[in-house]
Amino acid sequence: MLNKFNTFARLVIVGLLIFPIPVYADSHIATETETFDGTDGALVTDLTVPSGTLAIDSDDVSIRNDQNCCGIGGQYFFSLKDNYIGNPQATPYTFTLPSDHDIIEIGFRMAGVNYAYTIKYNYSDDTNETINKEAQSGSSYEDITKTVTGKYIVSFVVTVSDWVGID
């Protein structure tokens, strides 16, 4: 009897090794694009964008579409240190991601950055990571993507020293 059980167990193990068991992707993963495509550039999704802190037009952030920014003219984008013309001064801007999503990847475009800047990613496990970025030349832009595993991105902080666009 034990001999028959051992034979049966071996056949089951060999069968499991021969016939792969499919691993299904996580079905709750979705892509959501945060845009400024609402009326007059209004944000149409649930990303929380920073509010301004400097006394330039009572604010230092703006939603604009009056310039060629981020590689496309006439498209709405978010302007940080809007119309800033002083000496370089590092200013952080926090973007808070929706808490009802488990966000494992974000992407955005930085444009017109004339000085080195940083991006700090804050994670669900109370850790963070800061990335140092180089200045861009002229009216160029850079696409930035961050992906994590085993945790979620809850916010990111962009610290810039001059007037830039982000989309």
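Below, the structure is looked at part by part.

Rules behind the numbers
- Residues numbered from 1 in each chain as written.
- Predicted model: local features only at pLDDT ≥ 70, side-chain atom pairs only at ≥ 80, totals over all residues.
- Heavy atoms only, no water.
- Helix = DSSP H or I, 4+ residues; strand = E, 2+ residues; numbered from the N terminus.
- Buried < 20%, exposed > 50% of the residue type's maximum accessible area, 1.4 Å probe, protein only.
- Polar contact = N/O pair within 3.5 Å; in protein donor to acceptor, adjacent residues only side chain to side chain.
- Contact = heavy atoms within 4.5 Å.
- Pairing = 2+ DSSP bridges.

For the rest of this paragraph, the subject is unusual backbone geometry. You will see that Lys81, though not glycine, has its phi angle at about 55°, which is positive. Of note, Lys81 is situated in the loop between strand E4 (77-80) and strand E5 (91-96). Non-glycine residue Asp126 carries a positive phi angle of around 65°. Its place among the elements puts Asp126 in the loop between strand E7 (117-123) and strand E8 (128-133).

Before going further, it helps to examine the side chain of Lys133. Within the secondary structure layout, Lys133 lies in strand E8. Judged by its relative accessible area of 18%, Lys133 is buried. Polar contacts involving the side chain of Lys133 include one to the side chain of Glu142, which spans 2.9 Å. Residues contacting Lys133, with those up to four places away along its chain left out, are Ala116, Tyr117, Ile119, Glu142 and Ile144.

Bringing the pairing of E8 into the picture now. Pairing between E7 and E8: six bridges, direction antiparallel. Each residue of the ladder has a partner; that of Tyr117, found in E8, is Lys133. The hairpin turn running from E7 into E8, its antiparallel successor, is four residues long, and Asp126 in that turn takes a positive phi close to 65°.

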